[in-house]
Amino acid sequence: MFEGRRPAVGVDSRRSGHDVGEGWDNGPVPLYRDDAIVLRTHKLGEADRIVTFLTRENGKVRAVGKGVRRTSSRFGARLEPFMVVDVQLHVGRNLDTVTQVETVGPYARAICEDYGLYTAGAAMLEAADRLVEAEREPAVQQYWLLAGALRALSERHHDSGLVLDSYLLRAFSVAGWAPSFTDCARCGEPGPHRALNVAQGGAVCPRCRPPGSTAPAAETFVLLAALLAGEWDVADVSDARHRKEASGLVAAYSQYYLERTLRSLRMVERDTPAVPAPAIPAVPHKIPAIPREGEAI
Amino acid sequence: MYEGAVQDLIDELGRLPGVGPKSAQRIAFHLLAAEGHEVKRLVDALTEVKLRVRFCELCGNVAEAERCRVCLDPRRSDEVICVVEEPKDVVAVERTREFRGRYHVLGGAINPMENIGPDDLRIKELLTRLADGAVKEVILAMDPNVEGEATATYLARLIGPIGITVSRLASGLPVGGDLEYADEVTLGRAFEGRRVVGG
């Protein structure tokens, strides 16, 4: 159950079941450390919180932060949504307990200072929470993707709506639902194509086009492909009309594959682009690159 | 599992926040062992609170009339409104004895993941109160967490253009604590919000 957990520094190897010098073991350990993103928190009792983490090595973990709602808490400020932390947890029967926290990426402040960033970030956290459904199953790519997206959001390099849509498309790709916005999603015929069908997984050629398919603008297809591939030079100069159309399609895609609506999506405040859009060159479809450690998407 | 009335009581107590099955059972047996008049006092208090207590039509605080005692107090200033999330925050601010203005209770904070948006809070009522021009300052006293900060950002953006001064409660070091134990987020805010003490 606790395979691959990193033993915490200073843990007594005899108590933790680790032989001295061995470092890794499959036996139960009372303490472990991991890098984690705080996805959400719930109040518990008088002053505690249940914190849901997306960890790098252990996937989704829920743990109790004792006394973190008190103003005198030593690490309450670090256990806020959007924070990337180095956390030490004590293994519990049902829920683990947070014993130490260090800040790795203090993104919460920057994100909360802009309402548009906050709503976009909340939708990202909710999507990650839904996509990584099972607890304690490693989701390394989802971890790095979300960490990169939060960093990009907090640094405001791109429009918050574009960062959100790019994150969603790439998170779905990592989860196994990669859309195609150039080649036909059904038969693979090279595009560009004019129709899009969410249930088929993206663009569809005239032969595969099922009834009820939509026909977005060609520029919207280009924008969606750019968001999926992380081609920011293309996405950043897109037109407001195409961004709106693309965000609607991404929302429909999310709802279809999650089989329910992301509640935060309806509250996302999308900015209008400051730069008028020039003509956009076509972008070939390619598998999205997952950001590496410390890299923004 | 107990029978009839005892189990019903345990079930009802178990629905209260923070009361688990074991606590519910303990409270139920305490009530069973208690004197009749003690139980009646509790029943009367519960009935009375539901009959008499409501939310103030102006500020949203708990009240026993159409308006709460703070809104009815003529000695308090109408020029400053302190916006808080919950009625219990009013009590916390009142304990300081530093604030002599009025309150406005939002009824929560914006939390998209819990499906709580601006329309679910008493923001329209706040804007209505600000429309008459009597209010000179709005103090945003939401919780110093992500949801509270985002709600404060939203309100500041909404109220700022009206021309009313909008302030936010300072964040910083708790009185009586040691600097070395402060986390970097709190300490960073304390540095940002430092004030000149001399000269």
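Use the structure listed above.
Rules behind the numbers
Residues numbered from 1 in each chain as written. Chains lettered and ligands numbered in written order. Predicted model: local features only at pLDDT ≥ 70, side-chain atom pairs only at ≥ 80, totals over all residues. Heavy atoms only, no water. Helix = DSSP H or I, 4+ residues; strand = E, 2+ residues; numbered from the N terminus. Buried < 20%, exposed > 50% of the residue type's maximum accessible area, 1.4 Å probe, protein only. Contact = heavy atoms within 4.5 Å. Polar contact = N/O pair within 3.5 Å; in protein donor to acceptor, adjacent residues only side chain to side chain. Buried area = accessible area lost by both parts, 1.4 Å probe. Salt bridge = Lys/Arg side-chain N within 4 Å of Asp/Glu carboxyl O. Pairing = 2+ DSSP bridges. Axes fitted to C-alpha atoms, helices over the stretch in contact; angles between N-to-C directions. Phe/Tyr/Trp six-rings, centres within 6.5 Å; stacked < 30°, edge-to-face > 60°.

Novice: Honestly, the overall build of chain A in this entry has me stumped. Any pointers?
Specialist: The helix and strand inventory of chain A stands at eight helices and eight strands. Taken over 297 residues, chain A has a buried fraction of 55%. A separation threshold of at least 6 residues defines the contact pool for chain A, and within that pool the share at least 24 residues apart is 61%.

Novice: How should I be thinking about the side chain of S154(A) in this particular structure?
Specialist: All names here are of chain A. Within the secondary structure, S154 is located in helix α4 (residues 140-155). Residue classification places S154 among the buried positions, given a relative accessible area of 12%. Polar side-chain contacts of S154 include one of 3.0 Å to the backbone oxygen of R151.

Novice: What is the right way to look at the environment of E113(A) in this model?
Specialist: All names here are of chain A. Within the secondary structure, E113 is located in the loop between α2 (108-112) and α3 (115-131). Look at E113 and you get partly exposed, because its relative accessible area is 45%. A polar contact is formed between the side chain of E113 and the side chain of R109, at a distance of 3.1 Å.

Novice: Before we go on, may I ask you to explain the interface of chain A and chain B in this structure?
Specialist: A common way to state how big an interface is: give the accessible area lost once the parts meet. Counting residues at the interface gives 29 residues for chain A, matched by 26 residues for chain B. Together, the buried faces of chain A and chain B total about 2400 Å²; carbon and sulfur atoms form 55% of this surface. The largest share of the area that chain A buries against chain B comes from R109(A), Y115(A) and Y118(A), three residues that together contribute 26% of it. For the salt bridge of E184(B) with R78(A), the shortest nitrogen-to-oxygen distance reads 2.8 Å. Linking chain A with chain B are 12 residue pairs in polar contact (both at pLDDT 80 or more), by the criterion used here. Only β2 (31-44), α2 and α3 of chain A provide two or more residues apiece to the side of chain A that touches chain B.

Novice: How do you make sense of unusual backbone geometry when you look at a structure like this?
Specialist: Apart from glycine, the bulk of residues carry a negative phi angle, and the bulk of peptide bonds sit in the trans form. Residues and elements named next belong to chain A. For R136, which is not glycine, the phi torsion reads 65° and is therefore positive. Within the secondary structure, R136 is located in the loop between α3 and α4. Judged by relative accessible area, R136 falls into the buried class, the value being 17%.

Novice: Quick question: what am I supposed to make of the sheet that holds strand β3 (residues 80-84) of chain B here?
Specialist: Note on sheets: strands pair through backbone hydrogen bonds, and any given pair is parallel or antiparallel. Residue and element names in this part refer to chain B. Read across the sheet, four strands follow the order β4-β3-β5-β6 without closing on themselves; strand pairing throughout is parallel. Each of the sheet's edge strands pairs with one partner strand only, and the pair in question is β4 (102-105) and β6 (165-168). Strand-to-strand twist in this sheet, taken as the mean axis angle between neighbours without regard to direction, amounts to 25°. Here four bridges tie β3 to strand β5 (residues 137-140), and the two strands are oriented parallel to one another. Of the residues in β5, the one forming a bridge with C82 is I139. Helix α5 (residues 87-96) contacts β3 and β4 of the sheet and is inclined by roughly 150° relative to β4. Along the sheet, helix α6 (residues 123-130) makes contact with β3, β4 and β5, crossing β4 at roughly 150°.

Novice: For this particular structure, what's the right way to read the packing of aromatic side chains?
Specialist: Ring pairs (aromatic) are described by centroid distance and by the angle formed between their planes. Per the counting criterion, the structure on display carries 11 aromatic pairs over all chains. Ring centres 5.8 Å apart and planes at 35° place the aromatic pair W177(A) and Y257(A) in the tilted group. Taken as a pair, W177(A) in the loop between α5 (160-174) and β7 (195-197) and Y257(A) in helix α8 (residues 240-258) lie far apart in primary sequence, 80 residues in all. A relative accessible area of 32% means that W177(A) is categorised as partly exposed. On the accessibility criterion, Y257(A) (15% relative accessible area) is buried. A ring pair is formed by F99(B) and Y103(B), whose centres lie 5.2 Å apart and whose planes are at 65°; its orientation type is edge-to-face. The two residues F99(B) and Y103(B) agree in class, both being buried. By the ring-pair criterion, three or more aromatic residues cluster together here, those being F172(A), W177(A), Y253(A), Y256(A) and Y257(A).

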